[in-house]
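# Structural overview for review
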There are 2 protein chains.
Amino acid sequence: MAGGEDKKETKKAGAEAKKAGGGAKKANANGGGGGKKKEVKKETGLGLSNKKDENFGEWYSEVVVNGEMIEYYDISGCYILRPWTMSIWEIMQEFFDVEIKKMKIKNCYFPLFVSPGVLQREKDHIEGFAPEVAWVTKSGESDLEVPIAIRPTSETVMYPYYSKWIRGHRDLPLKLNQWCNVVRWEFSNPTPFIRSREFLWQEGHTAFATKAEADEEVLQILELYRRIYEEYLAIPVIKGKKSELEKFAGGLYTTSVEAFVPNTGRGIQGATSHCLGQNFAKMFEINFENDKGEKAMVWQNSWAYSTRTIGVMVMVHGDDKGLVLPPKVASVQVIVVPVPYKDADTQGIFDACTTTVNTLNDAGIRAEADFRDNYSPGWKYSHWEMKGVPLRIEIGPKDLANSQVRVVRRDNSAKIDIPMANLAEQVKDLLVTVQQNLYDVAKQKRDACVQIVRTWDEFIDALGQRKLILAPWCDEEEVEKDVKARTKGEMGACKTLCSPFDQPKLPEGALCFASGKPATKWTYWGRSY
Amino acid sequence: MAGGEDKKETKKAGAEAKKAGGGAKKANANGGGGGKKKEVKKETGLGLSNKKDENFGEWYSEVVVNGEMIEYYDISGCYILRPWTMSIWEIMQEFFDVEIKKMKIKNCYFPLFVSPGVLQREKDHIEGFAPEVAWVTKSGESDLEVPIAIRPTSETVMYPYYSKWIRGHRDLPLKLNQWCNVVRWEFSNPTPFIRSREFLWQEGHTAFATKAEADEEVLQILELYRRIYEEYLAIPVIKGKKSELEKFAGGLYTTSVEAFVPNTGRGIQGATSHCLGQNFAKMFEINFENDKGEKAMVWQNSWAYSTRTIGVMVMVHGDDKGLVLPPKVASVQVIVVPVPYKDADTQGIFDACTTTVNTLNDAGIRAEADFRDNYSPGWKYSHWEMKGVPLRIEIGPKDLANSQVRVVRRDNSAKIDIPMANLAEQVKDLLVTVQQNLYDVAKQKRDACVQIVRTWDEFIDALGQRKLILAPWCDEEEVEKDVKARTKGEMGACKTLCSPFDQPKLPEGALCFASGKPATKWTYWGRSY
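Every value quoted in this text rests on a predicted model; they were computed, and no experiment measured them.

A tally of regular secondary structure across chain A gives 17 helices and 23 strands. In terms of C-alpha radius of gyration, chain A reaches 26 Å, essentially the compact-globule figure of 24 Å for 529 residues. On the principal axes, the C-alpha backbone points of chain A span a range of 85 × 65 × 50 Å. For chain A, with 529 residues in total, the buried portion stands at 61%. Counting contacts in chain A only where the partners sit at least 6 residues apart, residues at least 24 apart contribute 69% of the total. Summed over all atoms, the accessible surface of chain A reaches about 20000 Å², with 52% contributed by carbon and sulfur. Charged side chains of chain A number 72 positive and 73 negative; the gap between the two group centres comes to 2 Å.

Okay, here's the thing in C-alpha cells:
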C-alpha cells in the first residue's frame, strides 16, 4: 500500500512540481519509490540535476529536498519540515524569543479555530483573507452547527479578549506573542517555505495607550527582523514602509524588511511589523479609562515572521552543490571526515577525528564526525556540501603526520591547513569570517541589481533586466494599480516593495516615473514572491 | 458588539460550565461583562466563591480563570492559554527538549492535515479516533475535492514517510519528535487542560531495528515523564502498563504515568509511552534491509505528554486561596510587596524592595516586586496567593529597621524573618523546601487513598469511598469489560488505571477480585478523567 502512497504522492508532488518548476518530481524520485530504494542515499550525495542560474525553480525544489530540509507531502501545498530545517528555525526562535521577553512581551496560546461571526467583524481585514480561509464543517460523521474557520492570522481570534482584559490605563500596555501554525489555503504556486498552505510563525499582538508607544514598538520589532536576516541568515534587507495598496488588510500602516533574489529578479517580503492604529480597537471595542478618567481607545500593533525566512536563505545562498548554511544557524557548523588510506594508521586517523570533534564541541562549536564505513570520503564531501555545512575538516595520514587538519570552506571552497594546536580559536574565527563573507557577497549581488529609474521607459527596461527598481513616485494608489495593470504578464505584475526609510535626496521638481506628477518619495518596485 | 461577544461567550461558557461544574459562569462573570468592569481586577484578588472540598468542579473552573491561566473561549472546548500558563509549559518543554536531544531524538514538523486514505489505513487506530476527527471540507467559498482531516495524533501523518526514508539498517534508529497542536473534537465534559478540543503536546515517533531497542526507549521516555511530574510539578505518579482494553489503539503495549486526584477520587493518565510493535510498520510498509541483507520490519514507539500536565498540577496543589505553583515551574518564584505606613520612610521601603529583587535575580531566582499604587498590600497578598506564587516577601518599616524581610510561604502560610545579609541563600533553600514539601504532602494524600481489596464487596466499598484501588486481577479483557459495565453510574464506570511495574508480592493462590479466577498481577482500578 505504501507503494500506492508513493505513487499518489509522486503524482501530487509532480503536479505541484510543474508550478514549483518540476524539481519536485525529481526530488520525489530521489525520495525513492519501491524500485530505486538502494540509490536513494547515494543520489542525495551526488549533486543536483538542475543549475541555479539555468533553472532556478527546479533547482530550488531539488535543493530543499536533497538537502533534507523538506519532504513533499501528499497534500499539495503542505510540506514536511525535517530536522535540518527545524534546527535553523529553533536557533532563530531562541534569539527572537529572548529579545521580545526583554521587551516585556509575554507568550500565550490562542485557539486554532475562529467562529465566523468574530472572523468577519473587521470587513477590510476579512476581505483580505476570506478566499484563503479553511473551514471545518464536520467532526466524525456529524456536521457542526456552524462551520468553524482555521486561523489565517489571529487578530480576530485575540481581540475580543483584549476588549475584556483591558479596562484601565494600568492594564496597558498589553503585549502578547504566540508561536503557532496558521493556515492560508492558497492555490497559486505552492512553494516550500515561500508559499505553503500551513506555516509556522510567531505573531505578536500589542495594545498601547498612545500612538507614540505603538509607533516606537513597530520599529523596535522591525529592527529585530532586520537582525534575523542580516546577522543570522546573512541576507541584506531593506527596511521601509508599504504602500496603501500593499499594507496589511485593516491596519493603519505596514513596515517590512524586504529581501531580493537576484537569480529571479524578484523581491520578497521578509517579515512585517504593522501598526493597526485604532481600527480593530473600534471594531472590537477595546476601550480603556485613561489617567484622566476619560474613555479612550487603544492603539494596536501586530507583527510576524515565518518559516519563509528559511526559504529566502536557501534562495540567496544556495549554489549548484546544494545548500549553503550561514554558520550562526547551522546545526552542524563543522563536519569532520576521516580520510584513511589502505596502509595508513586508520585508528590513529579516527582517534584524531574524535579528538577534533571534542575540542571543537568544548569550545562551543557545533561539530560532528562522519565515521560511516559504507561511504567514501568523496561521497561524504558532496553529501555535506549538499547539506550546506559551513566548514569541512579532512584528516588523513599527511595531516596526522604534520599534526594539522585540512579545513575546507563551503562558501568559497578555500582550503586552509590548521595546526591542531590552536584548532578551536582558528575555526571560531573562520566561522565568523564565513558568516561575514556570505553577507558581503549577498549584499554585493543585491546592490548590483539596484537600478535607479526616472522614466517609464527606463522602468520597463530595468524590469526586463530583472532589476530591483528604485524610482521617484507620486505615492498615489491609482498609479500603483495602473503600473500593476500595465506590467501584468506571465511573469506576474510589478508592484511596490517598499518606500525605504533610508531615502536618497529627491531632486528639485522630481516627477513620478509612472504618472509624471510631482514625486513625493523614492520607492522600490519589482516583481515579487 | 464586544458586548454581544461577551454575552455569546458567557452563554457558551455557561453551557460548558454546567458540564464542567458551573464554575465557568462565575469565572466568566469575573472576567467581566460591560457592567462590572471596575470590579474585575479587585474580584481577582478577593478569593474564590467555591471551595475545593465542597464543589471541586466549580472550584477548578474558577481557579484556572481567576489565577489567570485560562480564559474561556467562544468555541466550546477551546481555551486561551494565558502567559501564566505558557511560562509553565515552556519550563517543562525546556527540560524535556534537552533530555530527548541527549538521546539523539531530533525535532521536526509534519503538517496539521491528513488525507482520508492515509488516516484510515490502520483500522484499529482509526476506530479509536474516528469519532473525534475534525474535517476541513471548504476553503473560501469552494468545496475541497476530498475532505481533509486535522491530526488527532500523527502516526498516520508521519509513517508513510518513514517508509520512504528507511531503507537499510544504517537508516535506523529513526528518532523524531514534534511540538505541536492536535485536535480531538470531543463532546464529553470539556474541561480546561484536562479535556479540550485542541491542545498542545509533544509527540515522539521512533523506529528501531530490534524490539529490544524499542522496549528500552519506552522506559527511558516514561522515566522523563515521571521526572516532569515528580521533580517539576511535585506530583507523585505510578509507572505501569495499561490493560489491553486501555492501551493505545493499534499499538502493541502502552506504558503510562498515572496521577490521582484525592478530592474526586479519580485517577488521571499523566502521559503515555507506547510500543507500537510492528503493526504500523506492516500497514505502512516500513521495511529495511538488515545487516544480514534480509528484508525486515521496523519496531516503533510513540510517546506524548500534553498541556494536561498543567491541569493535574492545578487539581493536586491548588487550595481555597487559589493556585499553588511548585517553585520549579513558577515564572514568578518570589513576589516582593512593599508595606509602607503613613509616617514611614516609603522611599526607603521601595528601595529595599528593588534591592531585594535585584539580589534574588542575580542569584538566578525569578523574583518581581509589586509597586502598584492603586492596590493595598492586603489586596496584593490575596492576588499573588490566587496566582500561586511560592514565596511572598513583605518589607515594612520594622523589617527595614531590623534590615530583614518577612517571607511567607504559599504552601503552608508559614512566616519566616530573614536577615537581608544572606537573603539569596536562604530563599534558595526555602524554594527547595517548598518544592519538596508540595511533593511530600501530595504523596501522603495520594497514599492515604490507596486501598488494597481482595473481594468484589471490598472493591465496591472502596470505590464508594473514592479510593485508588489496588486489586489482584486475572488480567482478562472480558472481566475488565464486565467490571466497567457493573460499575456504570452517573459518576462514570470504574476501569483499570495501570498494572504497576512495582508489583507487591502476589499471595499464594490469590484470586481475581472480580472473576474469582486465579490472579496474575496487582492492578490499580478507579474512576478516571
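Continuing now.
This part is about the relation of the copies chain A and chain B. Its rotation angle being 180°, the transformation that places chain A on chain B also includes 0.0 Å of axial translation and leaves an RMSD of 0.0 Å. Given the turn and translation reported, the copies of this chain are related as if by a two-fold rotation axis. It is Val136(A) whose C-alpha, among those of chain A, lies nearest the rotation axis, at 2.1 Å. Here 100% of the interface residues in chain A have copies in chain B that are interface residues too; the copies meet face to matching face.

All names here are of chain A. Tallying each qualifying case throughout the model produces 64 aromatic pairs over all chains. Each ring, one from tyrosine 159 and one from phenylalanine 280, has its centre 5.7 Å from the other, and the planes form 80°; the classification is edge-to-face. With tyrosine 159 in helix α8 (residues 155–165) and phenylalanine 280 in helix α10 (residues 279–283), this residue pair connects regions lying 121 residues apart in the sequence. Considered together, tyrosine 159 and phenylalanine 280 belong to a single accessibility category, that of buried residues.

Strand order in the open sheet formed by 6 strands is β4(A)-β6(A)-β5(A)-β5(B)-β6(B)-β4(B), with antiparallel pairing between adjacent strands. The open sheet terminates on both sides in strands that have one partner only, identified here as β4 (113–114) of chain A together with β4 (113–114) of chain B. Where β4(B) lies against strand β6 (residues 142–150) of chain B, 2 bridges are found, and the strand directions are antiparallel. The residue bridging Val114(B) from the neighbouring strand is Ala149(B), located in β6(B).

What follows covers the interface of chain A and chain B. Contacts between the two partners involve 76 residues from chain A, matched on the other side by 76 residues from chain B. Interface area, chain A with chain B, both sides summed: about 6500 Å², of which 56% is carbon and sulfur. Three residues, Tyr109(A), Lys164(A) and Arg167(A), lead the burial of chain A against chain B; their summed loss comes to 11% of the area buried on that side. At the junction of chain A with chain B, the criterion picks out 34 residue pairs in polar contact (both at pLDDT 80 or more).

All right, on to the pairing of strand β9 (residues 238–241) of chain B then. Residues and elements named next belong to chain B. Of the two faces of β9, the one lined by Ile238 and Gly240 is fully buried and the one lined by Lys239 and Lys241 carries no buried residue. Examined bridge by bridge, β9 and strand β10 (residues 253–261) share 4 bridges and lie antiparallel to one another. Looking at the pairing, glycine 240 lines up with serine 256 of β10. Taken together, the 2 bridges between β9 and strand β22 (residues 495–500) define a ladder with antiparallel strand orientation. Bridged to glycine 240 within β22 is proline 500.

Residues and elements named next belong to chain A. Mean pLDDT over chain A: 91, with 91% of residues reaching 70 or higher. Throughout residues 1–45 the model reports pLDDT below 50, and contacts reaching past four residues in sequence, or to other chains, amount to 98 contacts. As a predicted assembly, this complex carries a pTM of 0.92 together with an ipTM value of 0.92.

In this structure the tally under the stated criterion is 68 salt bridges over all chains. Residues Lys481(A) and Glu478(A) are paired through a salt bridge, measuring 3.7 Å at the closest nitrogen-oxygen approach. Placement of both Lys481(A) and Glu478(A) in helix α17 (residues 477–487) is noted, with a separation of 3 residues, approximately one turn of the helix. Across the salt bridge formed by Glu385(B) and Arg392(B), the nearest N and O atoms sit 3.1 Å from each other. For Glu385(B), a relative accessible area of 17% gives the class buried. For Arg392(B), a relative accessible area of 9% puts it in the buried group. Because the salt bridges share partners, they merge into one network encompassing Glu223(A), Arg226(A), Arg227(A), Glu230(A), Glu231(A) and Lys239(A).

Residues and elements named next belong to chain A. Mapped onto the secondary structure, valine 329 falls in the loop between α11 (308–317) and β15 (334–338). Measuring from C-alpha to C-alpha, the distance between valine 329 and isoleucine 150 comes to 31 Å, with 179 residues separating the pair along the chain. Each residue touching valine 329, except ones within four places of it in the same chain, is listed here: Ile88, Ile91, Met92, Tyr232, Leu233, Met313 and Arg366.

A separate point is the nonpolar core. Counting 84 residues, the largest nonpolar core has Phe113(A), Tyr162(A), Phe113(B) and Tyr162(B) as the members making the most contacts within it. Sequence-distant contacts of Tyr162(B), defined by excluding residues within four places in its chain, comprise Phe110(B), Leu174(B), Leu176(B), His205(B), Ala207(B), Ile286(B) and Gln300(B).

Moving on, we come to the packing of helix α16 (residues 456–464) of chain B against helix α17 (residues 477–487) of chain B. All names here are of chain B. The N-to-C vectors of α16 and α17 enclose an angle of 50°; their axes lie 13 Å apart at closest approach. Here α17 runs oblique to α16, going by the angle between their axes. For α16 against α17, the interelement crossing comes out right-handed. Here Trp456, Phe459, Ile460 and Leu463 of α16 lie close against α17, whose contacting residues are Val483, Arg486 and Thr487.

Residues and elements named next belong to chain B. Take arginine 184: it is sitting in the loop between β7 (174–183) and β8 (198–208). The buried charged residue arginine 184 lacks any salt bridge partner; its closest oppositely charged side chain belongs to glutamate 132, at an N-O distance of 4.7 Å. Engagement of the side chain of arginine 184 in a polar contact is seen with the backbone oxygen of proline 152, the distance being 2.8 Å. For arginine 184, the contacting residues outside a window of four places in its chain are Phe129, Glu132, Pro152, Thr153, Ser196, Arg197, Phe199 and Trp201.

What follows deals with the environment of Lys481(A). Here Lys481(A) falls in the partly exposed class, since its relative accessible area comes to 39%. Sequence separation between Lys481(A) and Ala493(A) is 12 residues; the distance between their C-alpha atoms is 10.0 Å.

Okay, unusual backbone geometry next. At the junction of Leu172(A) and Pro173(A), the peptide bond is cis and its omega measures out at -5° in the coordinates. Counting through the fold element by element, Pro173(A) comes out in the loop between α8 and β7 (174–183). For Glu68(B), which is not glycine, the phi dihedral falls at a positive 60°. Examined against the element boundaries, Glu68(B) turns out to sit in the loop between α4 (56–66) and β1 (70–72).

Take the packing of helix α5 (residues 83–102) of chain A against α11(A) next. Residues and elements named next belong to chain A. Their axes nearest at 10 Å, the elements α5 and α11 cross at an angle of 115°. As the angle between them shows, α5 and α11 are arranged roughly perpendicular. As for the relative orientation of α5 and α11, their crossing is right-handed in sense. Packed against α5, whose contacting residues are Thr85, Ile88, Trp89 and Met92, the element α11 presents Thr309, Ile310 and Met313 at the interface. Residues belonging to the contact of α5 with α11 are distributed by class as follows: 5 nonpolar, 2 polar and no charged.

The next thing to look at is the sheet that holds strand β19 (residues 415–419) of chain B. All names here are of chain B. The mixed open sheet is built from 5 strands, whose spatial order is β16-β15-β17-β18-β19. Two strands bound the open sheet, and with one partner strand each, they are β16 (367–369) and β19. Within this sheet the neighbouring strands show an average axis-to-axis angle of 25°, counted without direction. Taken together, the 3 bridges between strand β15 (residues 334–338) and β16 define a ladder with parallel strand orientation. Among the inter-strand pairings, valine 336 is bridged to a residue of β16, identified as alanine 369. Strands β15, β16, β17 (391–395) and β18 (404–409) of the sheet are contacted by helix α12 (residues 346–362), whose axis makes an angle of about 170° with β15. Here helix α15 (residues 423–449) sits on the sheet in contact with β15, β17, β18 and β19, set at roughly 155° to β19.

Right, let's talk about helix α13 (residues 377–386) of chain B for a bit. Residues and elements named next belong to chain B. When you tally the buried positions in α13, you get 7 out of 10 residues, the bulk of the element. Regarding α13, the residues found buried are Trp379, Lys380, Tyr381, His383, Trp384, Glu385 and Met386. Of the residues trailing α13, glycine 388 is marked for its positive phi of about 80°.

Cut-offs used in this document
Residues numbered from 1 in each chain as written. Chains lettered and ligands numbered in written order. Predicted model: local features only at pLDDT ≥ 70, side-chain atom pairs only at ≥ 80, totals over all residues. Heavy atoms only, no water. Helix = DSSP H or I, 4+ residues; strand = E, 2+ residues; numbered from the N terminus. Rg over C-alpha atoms; globule rule 2.2 N^0.38 Å. Buried < 20%, exposed > 50% of the residue type's maximum accessible area, 1.4 Å probe, protein only. Contact = heavy atoms within 4.5 Å. Areas by Shrake-Rupley, 256 points an atom, 1.4 Å probe, with all protein chains shown as cover. Lys, Arg positive; Asp, Glu negative; His and termini not counted. Charge placed at Lys NZ, Arg CZ, Asp CG, Glu CD. Least-squares fit on C-alpha atoms with pLDDT ≥ 70 in both. Phe/Tyr/Trp six-rings, centres within 6.5 Å; stacked < 30°, edge-to-face > 60°. Pairing = 2+ DSSP bridges. Buried area = accessible area lost by both parts, 1.4 Å probe. Polar contact = N/O pair within 3.5 Å; in protein donor to acceptor, adjacent residues only side chain to side chain. pLDDT = per-residue confidence, 0-100. Salt bridge = Lys/Arg side-chain N within 4 Å of Asp/Glu carboxyl O. Core = buried A, V, L, I, M, F, W, Y, C linked by side-chain atoms within 4.5 Å. Axes fitted to C-alpha atoms, helices over the stretch in contact; angles between N-to-C directions. Parallel < 35°, antiparallel > 145°, perpendicular 65-115°, else oblique. Left-handed = near helix turned anticlockwise from the far one by under 90°. Nonpolar A, V, L, I, M, F, W, Y, C, P; charged D, E, K, R; others polar.

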